[in-house]
Amino acid sequence: MAAPKLIQILILTLFYYSSPSLASQQPTYNVVSFGAKPDGRSDTTKAFLSAWGAACATTAPATIYVPPGRYVLGNAYFTGKSCKNTAITIRIDGTLVAPSDYNALGRSGSWLEFERVAGVSIYGGTLDGRGAKLWSCKNSNSGRSCPKGATSLAFYNSNNIIINGLTSLNSQMFHILVDGCQNAKLMNMRISAPGNSPNTDGIHVQQSTGVTIMNSHIGTGDDCVSIGPGASNLWIENLSCGPGHGISIGSLGWDMQEAGVQNVTVKTATFTGTENGVRMKTWARPSNGVKISYVTYQDIHGTSATQVAVNFDCSKAYPCSGITLDEVNLTYGDKPATASCANAGGTADGVVEPTSCL
Ligand SMILES: *[C@@H]1O[C@H](CO)[C@@H](O)[C@H](O)[C@H]1NC(C)=O
Ligand SMILES: *[C@@H]1O[C@H](CO)[C@@H](O)[C@H](O)[C@H]1NC(C)=O
Ligand SMILES: *[C@@H]1O[C@H](CO)[C@@H](O)[C@H](O)[C@H]1NC(C)=O
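Per an unreviewed UniProt entry, the protein chain goes by the name Polygalacturonase and belongs to Rehmannia glutinosa. Taken from UniProt, the Sequence similarities (unreviewed entry) comment for the protein chain reads in full: "Belongs to the glycosyl hydrolase 28 family." Here is the UniProt Subcellular location (unreviewed entry) comment for the protein chain, exactly as written: "Secreted, Cell wall".

Trainee: I'm lost on the sheet that holds strand β23 (residues 308-313) in this one. Help?
Mentor: The sheet built from 10 strands is open, its strands ordered β5-β7-β9-β12-β15-β17-β19-β21-β23-β26 with parallel pairing. The sheet terminates laterally at β5 (76-79) and β26 (338-342), the two strands that pair on one side only. Between one strand and the next, the sheet's axes are offset by a mean angle of 15°, whatever the strand orientation. As paired elements, strand β12 (residues 176-179) and strand β15 (residues 203-206) share 4 bridges and run parallel to each other. When the sheet's bridge partners are listed, D179 is paired in β15 with Q206. Sheet contacts for helix α3 (residues 45-56): β5 and β7 (110-115); angle to β5, the most-contacted strand, approximately 5°.

Trainee: Whenever I open this one, empty space enclosed by the protein confuses me. Can you help?
Mentor: Any empty space left between the atoms is revealed when a probe the size of a water molecule rolls over them. Going through the model one piece at a time under the given rule, you end up with 1 cavity of 30 Å³ or more. Quantified by volume, the largest cavity comes out at close to 150 Å³. F78, I90, I92, L96 and F114 are the residues nearest the centre of the largest cavity, which is lined by 14 residues in total. For the lining of the largest cavity, the secondary-structure elements that each account for two or more residues are α3, β3 (62-66), β6 (88-97), β7 and β8 (118-128). Examining the composition of the lining of the largest cavity, we find that 3 residues originate from one element, β6, more than from any other. The residue inventory of the lining of the largest cavity, partitioned by class, reads 14 nonpolar, no polar and no charged.

Cut-offs applied
Residues numbered from 1 in each chain as written. Chains lettered and ligands numbered in written order. Predicted model: local features only at pLDDT ≥ 70, side-chain atom pairs only at ≥ 80, totals over all residues. Heavy atoms only, no water. UniProt positions renumbered as here; feature names shortened; annotations may be inferred. Pairing = 2+ DSSP bridges. Helix = DSSP H or I, 4+ residues; strand = E, 2+ residues; numbered from the N terminus. Axes fitted to C-alpha atoms, helices over the stretch in contact; angles between N-to-C directions. Contact = heavy atoms within 4.5 Å. 1 Å grid on protein atoms, 1.4 Å probe; cavity = no way out; pocket = protein on both sides within 12 Å on 5 of 7 lines; lining within 4 Å. Points joined across faces, edges and corners; volume = space filled by probe spheres on them. Nonpolar A, V, L, I, M, F, W, Y, C, P; charged D, E, K, R; others polar.

Okay, here's the thing in structure tokens:
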């Protein structure tokens, strides 16, 4: 047994040293050399933050490398505040694991949080939010005595972000949050939690512009993608969704001073047994103005687990306008689905099933 293992290690070692991105002149900060133990037990938060600090201290493009293994992290706050670097690549071959006790993440709302960073790219990696215990707390006492839980990966007030090839499993709350950001590309992701896990939105985007979500599979207990106030120029393409609640815009208009949602394209999305297909909602709170405008759904297919597969529920005070449906075919199991519109305006092209209500 020992010999094959030795050969394996040898091959892996050779692979790492010959790997072009690591052999390049780019400085690489390996979290293990900052003290992280990939044993699935030791807390490695400090080591990750030290590697981040080291990469931030330089201005040349830098790589933070996470070798294979399981790394337990508590709240990890990666701030751009005193970061001089605007080209940090985080390459992850390992799994980042949340603490087994959800209370350990406290009330901070996020587990791995990036704030005011620029030019951060995350390639590969698996995040395991270990949400199961929190979900069962929420599902058993109507959630009264349970903490809200933490978003697995949050980006606040950041720009030029890339997330490519990330797997996110079993988040306590949202898997990924993009809030107050400009230019973010999220692609080739796999996001997964059981259909009955509460509040586990796949990706939530708000107060952000220029966000692209592509080539990903999301199966979770809440919205696959949820779009909140102040999202604009959002592009979603080639997404498969299910289980989950579909793609939702809103609820908007709850706060008096709330930015609307503008220019959203959803192109080529497949729903498999999602609770809804596509959905928009604005609240009927007293104010003026259009809250949701210029939303295009093109090449949308699949099945909804409820009959209303297309639901645009907009208020008189906050109507939805400029909606385009083009090649949409959603069924309710193997039966026809229905579409429901209130105060929603726009056009339909090509095959649209259920028949457009715009
Ligand atoms: C769509 O995304 C899936 C991953 O979910 C990928 O395998 C496939 O190649 C993508 N299709 C295109 C046309 O890019
Ligand atoms: C809408 O958003 C897309 C990116 O998703 C962008 O390319 C396009 O220019 C935007 N259109 C307008 C009118 O802002
Ligand atoms: C819509 O999809 C269903 C199920 O895939 C299919 O049977 C039906 O023919 C499609 N309808 C149209 C109008 O393409």
